[in-house]
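# A structural walkthrough
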Amino acid sequence: MDTTIRETKKKSWMRWLWGNMGGHRVLYVTAIFMTIVYNIMQLIVPYFSGRIVTLFEESASSGIPLSDNLNEFILNLSLMVGLTLVRITIVYFTCMAYEYVSQHALYKIRNFLFDKIEHQDMNFYNEYRTGDLMTRLTGDLDAVRHNVAWVIKSVVDSFSLFLATAIYFFIMDPLLAICVLSITPLLFLVILRFKKASAEKHRILRDKLSGLNTDVQENISGNRVVKAFAREQYEKEKFNRSNTSYAEANMDTQRTWLRYFPAIETFANLLPVILLLAGGMFIINGRLTIGEYVSFSMLIWAIANPMRMLGNIMNEFQRFAAASKKVMEIYNSKAGIVSKENAIRHPDRFKGLIEFDHVSFGYEGGAVPVLRDITMKVEPGQTVAVIGETGCGKTSLIHMIPRFYDPEQGEVRIDGINVRDYELTDLRHNIGLATQDVLLYSDTIEGNIAYGDSSLSSDEVVKYAKYSAAQEFIDKMPEGYDTIVGERGVGLSGGQKQRISLARALAIKPSVLILDDTTSAVDMETEKHIRDSLNELDFDYTKIIIAQRISTTKYCDKIFVMGDGRIIEEGTHKELCAKGGYYANLVALQMGTNLADVEKFGKEAI
Ligand code: GTP
Ligand code: MG
C-alpha cells in the first residue's frame, strides 16, 4: 500500500516535470542518451591502456621489439586520444542541453505559478503567507531546476557508468567481477536507509526556510510599526530564533548525511582492496594477465565513484522531493472562485441594480458566521451608505459583490443575474473598488491612478485626480504625477493615499462604485469636495459607500445600518432619525445633540 502511494507520487512529479519540458523533450532525451554514451566511452582509456600494456608484455615475452609493432601501438594511442576528445565534446554539449532544458522548464513553471497565484481567491491568501509563497517561487523552484539539470543527469551518469563498467568487468573476468561487485548490495541497503532518514529532515528544512523568509518579509513591510514601538531588539531576537532554527535544521540534515557518509565511503574504498587481493591471486594462478589487471584497476573508480555519488544524489533528490512537493501544491491548487462554465459574458456596463437575497456567509468555511440572512436592494444610479459598528461585517458584505467570497446561502445579483453566473473578469471590470486597506504600487502616481486602464490619457488621469480632490497635493509634489510612490504608498499621508485609491477606482469608469471607508482620513472640507464631484461624473453608476461619518451618510438615497452581521435598520437619513434607533443615536452623538432632538428633526422632516 505504502509502495503504491510512493510510486504514484513518484510518477506524478516525473509527469509534472515532463509536462513542463514541452518543446525541449527531444533535446532532454537526447542529452540522457548522450550521457549514457559518454559514460560508456569512459571505458576507452582503460581499454586502450590495457591493450598498450599487453603490446609491451607480448614484445617482452616474444623478444620481438615494439618498433616492429609500431603501427598498432600508434593506432591504439590515437584512438585513445581521439575518442577522449570526442567524449569531452559530448560532455560539453550534454551539460549545455541539461542547463538549457532546465532553465526553460523553470521559466515555464514560474510563469504558470505566478498566473496561478494571481487567479487565486481570498481564502488562498488567508492560508499562505507572502514569505512562504515567495520561497516557493524562488528557492524551492530552484531546487526543482537543480533536479532537472543535475540530479537526473547524475543518476543517469552514475548508473550508466556503473552498469557499463560492471558489464565490461564481467566480459573480462566474471569471477573477478563478482568479487568486486559483491559489496554493492550492502551499499544499496545503506543508501535506502539514508533516503528514509533524510526525507523528513529536508521537509523540515524547507519549512524553516519559508518561515525565515516570512519573518524577513513581514519585518521589512512592517518596518514602520517596528520603529514606532522601538521593537528593533525584539525583532532582532525573533529573527535570530528563526535563523538559528534554520541553521540547526541545516546542521541536522547534514548530520544525517554524515552518519551514513562514512559507511558509503568505506564501501567505496574497499573496492581497490578487494581488487588487489582477488586480482593479485588471479595473476599468481595465471587466470589474469597484467594488462587485464591494469584495465580493471584503471576502471575501479568507475564502480567506486557512482557508489560514492549515489549517497550525494539521494541527498539532493530528497531536497528536490521536499521542494517539489511545495511547488506542486501551488501548481495543482485550484481557486475556489472562478468563472463557471458557459459564464455570461458582459463586457458592457451594468445598469447597476444590486440585490442581496437572504445572503449568509462566514469565514473558514462558515465556522465564523459574519453575514446573517442579509436582504437588501440598491436601485440603478442610487447612492447608498452602509454604516455599523466596527467588525459588524460591512467589508465582508461588499466583498460579496466582486466575488472575493461567495455566500454560503442566498445570492447576490447584479441586474437580476447572480454574480456567480457572470464571467469573473467582466464582473470585476465593471466594479470600481477603493479598499479600506489602501495599497499603492511602487510606481508613479499616474501609473497608480491608471492601474485599471493602461490606455488612460494623462488628461484623464488629471481629471480623475481632480474628482478625488487629489489634484492639489499632487501638483505640489516636485515631480507631480511622475512622483514615484514607494511600496504600499510610502511617502504619502493616509488621506492622500485614500484619494489616489479613489481616483484609481473612478478611472475605470465603473458601473458600480464601492468605497470602503475611503474618506475616513480626509478632512470634512475635502470630503465635501469629493462628494460634490462624485455627483458630477460623466457616467452613470451605482454607489455603495461604507462610512462612519453622518456627514457622508446623510446625503445618501438610502442607509443600511448593520449590526452583528444583520441589517438592523434601513431608510433615508430622515427616516432613520425619526426611528430613534442605532442610527439616530449615532447622529445625536456625532452632532452633539440629544436623541429626542434627532427624533424630532426626523419626524418633522419626513
Ligand atoms: P470595520 O472595517 O472595522 O468597520 O469592520 P467591518 O464591519 O468592515 O468588519 P469586517 O467585515 O471586516 O469583519 C467582520 C468579521 O469578520 C470580524 O469579526 C472579523 O474578525 C472577521 N474577518 C474579517 N476578515 C476575515 C478573514 O479574512 N478571515 C477571518 N477568519 N475572519 C475575518
Ligand atoms: Mg471594514
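The notes below deal with the structure included here. In this numbering scheme, every chain counts its residues from 1 along its sequence in written order. In the order they appear in the text, chains get letters beginning with A and ligands get numbers beginning with 1. Predicted model: local features are reported for residues with pLDDT of at least 70 only, side-chain atom pairs are reported and counted for 80 or more only, and whole-chain, interface and lining totals are derived from all residues. Excluded from the side-chain calculation are hydrogens and water; included are all heavy atoms of the structure.

## Quick notes on the site of ligand 1
Nearness here has a simple test: a residue counts as near a molecule or strand if at least one of its heavy atoms is within 4 Å of that partner. Contacts to ligand 1 come from 14 residues, most closely from Thr390, Lys394, Thr395, Ser396 and Gln436. One of the backbone N or O atoms of Gly393 is found 2.9 Å from an oxygen atom in ligand 1. Between ligand 1 and Thr395 there is a distance of 2.7 Å, counted from an oxygen atom to a side-chain nitrogen or oxygen. In short, Shrake-Rupley with a 1.4 Å probe defines the accessible areas, and a residue's cover is counted only from the protein chains shown. Out of a free accessible area of 650 Å², ligand 1 has 66% covered by protein chains. Secondary structure elements with two or more residues in the shell around ligand 1: α13 (363-366) and α14 (394-398). In this text, helices come from DSSP runs of H or I with a minimum length of four residues, and strands from runs of E with a minimum of two, each type numbered from the N-terminal end. Of all the elements, α14 adds the most residues to the shell around ligand 1, at three residues. Nonpolar residues are Ala, Val, Leu, Ile, Met, Phe, Trp, Tyr, Cys and Pro. Charged residues are Asp, Glu, Lys and Arg, and all others, Gly as well, are polar. Class assignment of the residues belonging to the shell around ligand 1 gives a composition of four nonpolar, eight polar and two charged. In protein, a polar contact means a hydrogen-donor-capable atom and an acceptor-capable atom, both N or O and within 3.5 Å, with residues adjacent in sequence counting only if both atoms are side-chain atoms; elsewhere, any N or O pair within 3.5 Å suffices.

## Quick notes on the packing of helix α8 (residues 174-181) against helix α11 (residues 232-284)
Axes are the key here: two packed helices are described by the angle between their axes and the distance separating the axes. Axes here refer to lines fitted to C-alpha atoms; in helices the fit is confined to the stretch in contact. Angles between the N-to-C directions go from 0 to 180 degrees. Where α8 meets α11, the closest approach of the two axes is 9 Å, and the angle between their N-to-C directions is 155 degrees. For the element pair α8 / α11, the angle class is roughly antiparallel. The handedness of the crossing between α8 and α11 comes out as right-handed. Packed against α8, whose contacting residues are Leu175, Leu176, Cys179 and Val180, the element α11 presents Leu271, Ile274, Leu275, Ala278, Gly279 and Phe282 at the interface. Its residues assigned to classes, the contact of α8 with α11 shows nine nonpolar, one polar and no charged. Just so you know how the angles are binned, under 35 degrees is roughly parallel, over 145 roughly antiparallel, 65 to 115 roughly perpendicular, and the rest oblique. Here is the rule for handedness: rotate from the far helix to the near one, and if that takes an anticlockwise turn smaller than a right angle the crossing is left-handed, while a clockwise turn gives right-handed. Residues count as neighbours in contact if any of their non-hydrogen atoms are within 4.5 Å of one another.

## Some points on the sheet that holds strand β10 (residues 542-546)
The mixed open sheet is built from six strands, whose spatial order is β6-β9-β10-β3-β11-β12. What marks the edges here is a single partner per strand, and that holds for β6 (431-434) and β12 (566-571). The sheet shows a mean angle of 15 degrees between the axes of neighbouring strands, taken without regard to direction. Strand direction decides the pairing type here: strand β3 (residues 383-388) and β10, joined by four bridges, are parallel. Its bridge partner lying in β10, Ala385 is registered against Ile545. When DSSP finds two or more bridges between a pair of strands, those strands are recorded as paired.

## As for the environment of His346
When you line up the elements, His346 lands in the loop between α12 (290-331) and β1 (354-362). Under the scheme applied here, a residue whose accessible area is under 20% of the maximum for its type counts as buried, over 50% as exposed, and between as partly exposed, the area being computed with a 1.4 Å probe on protein chains only. In this structure His346 comes out as buried when scored by relative accessible area, which is 18%. With 79 residues separating them along the chain, His346 and Thr425 place their C-alpha atoms 9.1 Å apart. Excluding residues that lie within four positions of it along the chain, His346 makes contacts with Tyr422, Asp426 and Asn430.

## Here we look at helix α20 (residues 524-534)
The periodicity of an α-helix, 3.6 residues per turn, causes residues three or four positions apart to be oriented the same way. Every buried residue of α20 is listed here: Thr526, Glu527, Ile530, Arg531, Ser533 and Leu534. Contact partners of the buried residues in α20: α17 (458-467), α19 (494-506), β9 (512-516), β10 and α21 (550-553).

## Overview of the environment of Thr30
Inspection of the secondary structure puts Thr30 in helix α2 (residues 25-40). For the pair Thr30 and Ser49, spaced 19 residues apart in the sequence, the C-alpha separation amounts to 30 Å.

## Quick word on the coordination of the magnesium ion (ligand 2)
Around the magnesium ion (ligand 2), the protein contributes the donor atoms Thr395 (OG1) and Gln436 (OE1), which lie 1.9 to 2.2 Å from the metal centre. Pair noted here: Thr395 is in helix α14 and Gln436 is in the loop between β6 and β7 (443-444), with a separation of 41 residues, a long-range link. A residue is classified by how much of its surface remains accessible, and Thr395, at 21% relative accessible area, is partly exposed. The partly exposed category is assigned to Gln436, whose relative accessible area is 42%. Counted as donors are N, O and S atoms no farther than 2.8 Å from the metal, or 3.2 Å for Na, K and Ca; water is not among the atoms, and sites may therefore look incomplete.

## Brief notes about the nonpolar core
Residues Leu17, Ile109 and Phe169 are the most contacted members of the largest nonpolar core, which totals 67 residues. Here this core takes 17 residues from α12, the largest share from any one element. Look past the residues within four positions of Leu17 in its chain and what remains in contact with it is Ile109, Val144, Asn147, Val148 and Phe320. What is meant by a nonpolar core is a set of buried Ala, Val, Leu, Ile, Met, Phe, Trp, Tyr and Cys residues, joined one to another through side-chain atoms within 4.5 Å.

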